[in-house]
Amino acid sequence: MTPTYKKKTFSIESLVPRNAMLSGPWADEKKNVYENIADENPKVVMKDVSHLSEALDDDDAALARRVGHRSEFAREFKSFSTISFAFAIMGLVSSIATTFASPFTLGGPASTVWAWFIGSIFNMTLGTAIAELVSAYPSSGGLYSASGLLVPHKYRPTVAWITGWLNLTGQIAGIAGSEWGLAQMIYAWAHVISDRKFSASRNATVGLYYALLFIHGLINSLDSKTLARLTSGYVVVNIGITFVIIITLLATTPLHDMHGPSYTFGTIINQSGWQGQGGTALSFLFGLLSVQFVMTDYDATAHISEEVHRASIAAPVAITVAVAGTGIIGWLLNIVLVITSGNIVHQNVDDMPGGLPMAQIMVDRMGKVGFLVVWPFVCLVAFFVVTTATQANARSFYAFSRDHGLPDFGFFAKVWKRTGTTVNAVWLVIFLCILLGLLGFISQAAINAIFALAALGMDVSYLIPIVCRQIFQDHPEVKFEPGPFTLGRGWFGRLINITAILWTIFECTILSIPQTLPLKATEFNYSWVIMVGVLILSLIWYVAHAHRHYHGPRSTMPPELLSSLESTNEKQEKQDASSHAPE
């Protein structure tokens, strides 16, 4: 059944009984009082969400009742801009451009085509499971906030803490990897226009990477309305340039130079160094790095849900549409790239523009002029990816700081009055990406580890709330209530969630394995080392000190108000049901 929406306004002054009691997931906070953090800096403001003269519309009322927050943001993102945001965060053509080398050079054509296909199918189950949770908890905290609300009270702080740090680490790695890829793509264009006379050094790539981060920090310091308007056009450029590349490559490649079905779909070329049949199978599975990096950060749309109109339905729909669209269109692009690739699978990647095989294919088929015209649009898509990812990551740090998860005294939970955005959190993201970018001085393998870390950190953080929901959804301290986008409680919903859990465990295992042999310090897969290191350090910090002030996702509204909203919604639902009942 298609959900219907009514614009309801709740007068706060009429909703606060003197001795109201709070039930459900916020029962352990019914004695808490909202603490408005004073701020001496006139440029920033913490909105007092407990102000009794204000009114809550449908979105804010749902957020308050489900998550315990009142949005501090203007809801400038409508349905189309939200879908555009979800597409932009995955990147599609630009993300494939930066990761195409892994499946193509490690496993060959078959790995490039079928690893993407397999990953897309199973990622659809993961994306759908995540969309269901986002619909139930449309908060800036995303699945971090959801994880704390899907477990009994005694587990809430620990589970939310682990989920939060895994997700934040994965998001930082995703931004760093995308920004590094953008720097490579810009230098690839410079390499071609100079007739291969210019080749960027690793230090030059790091320098451009840092400059691009600064630009993205400035953009994400703009106001929310401007960001929403910019986002609306992302999906058009993203999908449009992808089809332009597909059509142009097929049109400019002579028929006798195109690879046939047996090569495209059935040839595995093991260049990973892993030997034997097991090594060949493993080299094939290394192709998952591309699809997992591209199709990740599913919950990024959730992180802006407090800026989205009708978030409980718009956000999950955007996630599912973006995952399905990226999977289908990305598969077509990979097939065309393999068909028109010629013999570059055996060429040295370092001799290609920017070290990118996709760029070499486009130069070979489109010619210099064609490449120089089309490639800047691919770079533009990558620029969009980092812009949206930075915005989402900043909202994540905002939510974590709001819950006292950072030792910052609420500094990164500030919303600037002038822009209505989390400017402080934006520059925290930029600083952390600068630190992670130091790996760029080591080797390309270290950069590949950043791509793998993005998928590892975020996918494991997605795994936790999905598992918790399956275990504790009927627990009296949880009482999971699905949003308007739901898979149901029957066998279909259970199958989707269990498949997502098993797939995530499998692909995270593959992404943790070194991709080349023999092992060298400069070629080692550091992704899991960084992830485990961050997790251990965060747990040590939690046990030593953070447990004193961090108690999981916290309400920023008085419990009496939340209880009143809950009872008011129940009365409204009963009235709606009675009005539609047959006489």
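Residues numbered from 1 in each chain as written. Predicted model: local features only at pLDDT ≥ 70, side-chain atom pairs only at ≥ 80, totals over all residues. Heavy atoms only, no water.

Colleague: Outline the overall build of the protein, listing residues and values.
Modeller: Per the secondary structure count, the protein includes 21 helices and 4 strands. Counting every position in the protein, which comprises 583 residues, the buried fraction comes to 59%. If you take every contact in the protein between residues at least 6 apart in sequence, the share linking residues at least 24 apart comes to 84%. Entry remark: accessible area of the protein is about 22500 Å², with carbon and sulfur atoms responsible for 65%. (Helix = DSSP H or I, 4+ residues; strand = E, 2+ residues; numbered from the N terminus. Buried < 20%, exposed > 50% of the residue type's maximum accessible area, 1.4 Å probe, protein only. Contact = heavy atoms within 4.5 Å. Areas by Shrake-Rupley, 256 points an atom, 1.4 Å probe, with all protein chains shown as cover.)

Colleague: Break down the confidence of the model for the protein for me, with residues and values.
Modeller: It should be kept in mind that the predicted coordinates are not to be read in detail where pLDDT is low. Taken residue by residue, the protein gives an average pLDDT of 80. The fraction at 70 or more is 81%. Counting interchain partners and residues more than four positions distant, the pLDDT-below-50 stretch residues 1–56 has 132 contacts. (pLDDT = per-residue confidence, 0-100.)

Colleague: Outline the packing of aromatic side chains, listing residues and values.
Modeller: The geometry of two aromatic rings is summed up by the distance between their centres and the angle between their planes. Evaluation of the coordinates by the stated rule reveals 26 aromatic pairs. A centroid spacing of 6.0 Å and a plane angle of 40 degrees characterise the contact between Tyr155 and Phe472, whose relative ring orientation is tilted. Placement of the pair is Tyr155 in the loop between α6 (143–149) and α7 (156–193) and Phe472 in helix α18 (residues 444–472), with a sequence separation of 317 residues. With a relative accessible area of 36%, Tyr155 lands in the partly exposed category. Ring geometry for Phe400 versus Tyr550: centroids 5.7 Å apart, planes at 55 degrees, classification tilted. Highlighted residues: Phe400 in helix α16 (residues 357–402) and Tyr550 in the loop between α20 (527–544) and α21 (559–580), separated in sequence by 150 residues. For the residue pair Phe400 and Tyr550, the accessibility class agrees, reading buried in each case. (Phe/Tyr/Trp six-rings, centres within 6.5 Å; stacked < 30°, edge-to-face > 60°.)

Colleague: Tell me about empty space enclosed by the protein, and please be specific about residues and values.
Modeller: With the rule as written, the count across this model stands at 4 cavities of 30 Å³ or more. Of the volumes computed, that of the largest cavity is approximately 100 Å³. Ile89, Gly174, Ser178, Phe293 and Thr296 are the residues nearest the centre of the largest cavity, which is lined by 13 residues in total. Listed by contribution, the elements that provide at least two residues to the lining of the largest cavity are α2 (79–90), α7, α13 (288–294) and α16. Ranked by the residues each element gives to the lining of the largest cavity, the list is headed by α7, at 3 residues. Here the residues of the lining of the largest cavity sort into 8 nonpolar, 4 polar and 1 charged. (1 Å grid on protein atoms, 1.4 Å probe; cavity = no way out; pocket = protein on both sides within 12 Å on 5 of 7 lines; lining within 4 Å. Points joined across faces, edges and corners; volume = space filled by probe spheres on them. Nonpolar A, V, L, I, M, F, W, Y, C, P; charged D, E, K, R; others polar.)

Colleague: Summarise the environment of Met90; cite the residues concerned and give the values.
Modeller: Mapped onto the secondary structure, Met90 falls in helix α2. Under the relative-accessibility criterion, Met90 is labelled buried at 2%. Every residue in contact with Met90, bar those within four places of it in the chain, is listed here: Ser95, Val294, Met295, Thr296, Tyr298, Ala322, Val323, Thr326 and Val385.

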